[in-house]
Amino acid sequence: SFRPDQLQSMARLVEEYGGGFVMIGGNSAFGKGGYHRTILDRIIPVAMEQENDSQARSFRLRVPPAALTHPVIALGATRADTELIWTKKFPVLYGCNLVDRAKPGAIVLGEDPVGRNAYGPRLILAVQNIGKGRSMAFTSDTTRSWGKDFETLWGEPINRSLPLSESNCDSRYYRQFWVNAVRWLAAGRIGRTNNPVTLELAQSY
């Protein structure tokens with residue numbers, strides 16, 4: 001879907017201009033989409049070496065304990081609240097792309113503890129600083145197939161007297177997760193373009 005010059009521009013946006021990049025799983029993403037053979041492989045925080053890498057199966061994502069305080073993961077007011085949101089309240093995912101491992105320097109934020117390969121648990125979510133920017137890989141997705149419950153059931157009931165359902169869910173954790181992700185990705189380590197300004201109020205104020 002992308003021309004080589006468009007892919008080159010994406011990579012430069014991240015590496016040189018402090019942009020943020022995220023790849024979300026699906027049948028045209030990661031190795032299945034052939035991205036391991038493009039320049040984007042340079043900015044994606046996971047190693048992709050399989051062309052037929054999508055797998056439809058249900059699993060529960062596990063956040064490593066050390067990742068619970070990462071800005072993308074920290075959804076609760078406290079670490080205990082965040083852990084509860086990711087363990088007791090996070091719904092089932094129904095598929096993912098089978099990437100091989102996190103690249104050196106990447107931080108693993110989510111994995112499938114049941115599915116394993118030669119490198120350990122299957123990687124679901126990872127982030128990395130890339131040049132002046134940042135990137136993220138989420139190997140499942142947000143569509144009505146793999147991510148149908150992730151998008152519609154990860155929240156609190158709108159009406160507390162009724163059970164949680166797609167029509168009775170405020171999706172607050174789903175929305176906050178993507179707010180956190182976008183904020184983290186957009187906060188690339190780009191240098192200041194202007195000198196800082198100091199304001200001094202008059203003594204009478």
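Each value, and the rule that gives it
Residues numbered from 1 in each chain as written. Predicted model: local features only at pLDDT ≥ 70, side-chain atom pairs only at ≥ 80, totals over all residues. Heavy atoms only, no water. Pairing = 2+ DSSP bridges. Helix = DSSP H or I, 4+ residues; strand = E, 2+ residues; numbered from the N terminus. Axes fitted to C-alpha atoms, helices over the stretch in contact; angles between N-to-C directions. Buried < 20%, exposed > 50% of the residue type's maximum accessible area, 1.4 Å probe, protein only.

## Overview of the sheet that holds strand β7 (residues 120–130)
Point 1. Spatially, four strands are ordered β1-β8-β7-β6 in an open sheet, and the strand pairing comes out mixed. The open sheet has two free edges, formed respectively by β1 (20–24) and β6 (107–117), since each of these has just one partner strand. Here the average twist between neighbouring strands, direction ignored, is 15 degrees.
Point 2. With seven bridges connecting them, β6 and β7 associate as antiparallel partners. In the sheet register, Asn117 faces β7, and the bridge partner there is Gly120.

## As for unusual backbone geometry
Point 1. Its identity is not glycine, yet Phe30 carries a phi of approximately 50 degrees, on the positive side.
Point 2. Residue position: Phe30 is located in the loop between β1 and β2 (46–47).
Point 3. One non-glycine residue, Ser171, lies in the positive phi region at around 50 degrees.
Point 4. Along the chain, the position of Ser171 falls in the loop between α3 (148–152) and α4 (172–186).
Point 5. Take Ser171: its relative accessible area is 13%, and that puts it in the buried class.

In short, the description is geometric, and any link to function would need to be established separately.
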